[in-house]
Amino acid sequence: MGKSTTVVRAGTILAGRELEPMTPGTLVIEGSGISALGPSRSIDAPSDATVVDAPRVTLLPGFIDCHVHIGFADPIEVLAGGVTTARDLGWPPERIHPLARASADGGFTGPLVLAAGPILTAPGGYPSHAQWAPEGTARIVDGPDDAHEAVALTAAEGATVVKVALDESAGPTLGPVTLKAITDAAHRRDLRVTGHVHGLPELVKALDAGLDELAHMLLGPDELPGPLVTRMVRDRVAVVPTLSIRFGPDQTRATGNVARFAAAGGTILYGTDFGNRGPRPGIDAREVAAMARAGMSGRRIIASATVEAARALRLAGAGSLEPGKVADVIGVDGDPLEEPLALARVRMVWRGGNRVARLRNE
Ligand SMILES: [Zn+2]
């Protein structure tokens, strides 16, 4: 028996890194990869292929959620909601890394999981006392001498990113020298550093230390000042908004900060903080709606969860629909370029060429 072939005749395909619409478009999945795609008239279905006719559906790359705590759910629910890769930003290493390793297997019923493991923090710092965090979620770094060892251990356990907490509202924070020692040690291992950052002084400290990414838009009430926006864009610091964990006026303020950063040309990576209160498993309608309110177009929202996220997470095989890429593909009902909320109407999901049989309920 050879590799199975599936031919999807879709209303539209968002093709390549430019997410160029092909209407109507046909995508061919062979085994675990994409073997061809193009305007429907130019693609012939092999006689033994499974053909899926989906004239109302737009096909796009599976979503990459850059901030989850997947231990709070059954991974299949996350995958069934259109998220084919999930980056976990805080969980005990002995629990998350075995799951992440298992997720790389084609038969795993869930998204590909990448993981930070523990969150590096000061003695007594966030999330040492956080209700949501199981024992072992925080890793204490007590001064710069401790930083090298903490990063080495975190990397050896399997981290693909290093997470730090800088939350002065929830306890002591890492000092500037310690933080710099952490980012330097991570960068020497070619690992990015992402940060949970509350207030402006902590943000400045983080930028001075060479932080690569905010794991949330600033969590405190401060407005991001223009010069800091400019600096973050210049230094290519990415932001994972996680607006769906914010509510009321707090969400409005955070959305305003995302809007200013986005308007200045900043890199935004889709991420929900799933597991926290707010986001539901899979592509989250409230997150998408808030990103749209921040002035992001449908195309830019999709790119933040696909092309841009794959680049930032160095997933060379994912993030776009092109021949030779892994077949992480979703189909949504409608035109998400025109109407971003169509992204939450997931009608079909393939991960690594395997179709997910049962999707989430609306
Ligand atoms: Zn989180």
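The following paragraphs examine the structure supplied in this document.

So, the overall build of the chain
Logical step 1: When its secondary structure is counted, the chain shows ten helices and 17 strands.
Logical step 2: On C-alpha atoms alone, the chain measures out to a radius of gyration of 20 Å, which is about the 21 Å that the 2.2 N^0.38 rule sets for 362 residues.
Logical step 3: Taken along the three principal axes of its C-alpha coordinates, the chain extends 65 × 40 × 35 Å.
Logical step 4: Residues classed as buried in the chain amount to 57% of the 362 residues present.
Logical step 5: Of the contacts formed within the chain by residues at least 6 apart in sequence, a portion of 66% connects residues at least 24 apart.
Logical step 6: Of the roughly 14200 Å² of accessible surface on the chain, 51% is carried by carbon and sulfur atoms.
Logical step 7: Once the 36 positive and 41 negative side-chain charges of the chain are each reduced to a mean point, those two points are 3 Å apart.

Looking at the sheet that holds strand S13 (residues 213-214)
Logical step 1: As summarised here, the arrangement of the six strands in space is S10-S9-S11-S12-S13-S14, forming an open sheet in which the pairing is parallel. Each of the sheet's edge strands pairs with one partner strand only, and the pair in question is strand S10 (138-140) and strand S14 (238-239).
Logical step 2: For strand S11 (residues 161-166) and strand S12 (residues 192-197), the ladder comprises six bridges, and the chain directions are parallel. What sits directly across from Val161, in S12, is Arg192.

Here's the deal with the pattern of salt bridges
It is possible for side chains bearing opposite charge to pair when their charged atoms get close.
Logical step 1: This structure, assessed with the given rule, holds 20 salt bridges.
Logical step 2: Ionic pairing is found between Arg260 and Glu223, a salt bridge with its closest N-O pair at 4.0 Å. Taken together, the positions of Arg260 in helix H7 (residues 248-263) and Glu223 in the loop between S13 and helix H6 (226-234) put the pair 37 residues apart, joining distant regions of the chain.
Logical step 3: For Glu223, a relative accessible area of 54% gives the class exposed.
Logical step 4: Across the pair Arg246 and Asp250 runs a salt bridge, and its minimum N-O distance is 2.7 Å.

Reading the values: the criteria
Residues numbered from 1 in each chain as written. Predicted model: local features only at pLDDT ≥ 70, side-chain atom pairs only at ≥ 80, totals over all residues. Heavy atoms only, no water. Helix = DSSP H or I, 4+ residues; strand = E, 2+ residues; numbered from the N terminus. Rg over C-alpha atoms; globule rule 2.2 N^0.38 Å. Buried < 20%, exposed > 50% of the residue type's maximum accessible area, 1.4 Å probe, protein only. Contact = heavy atoms within 4.5 Å. Areas by Shrake-Rupley, 256 points an atom, 1.4 Å probe, with all protein chains shown as cover. Lys, Arg positive; Asp, Glu negative; His and termini not counted. Charge placed at Lys NZ, Arg CZ, Asp CG, Glu CD. Pairing = 2+ DSSP bridges. Salt bridge = Lys/Arg side-chain N within 4 Å of Asp/Glu carboxyl O.

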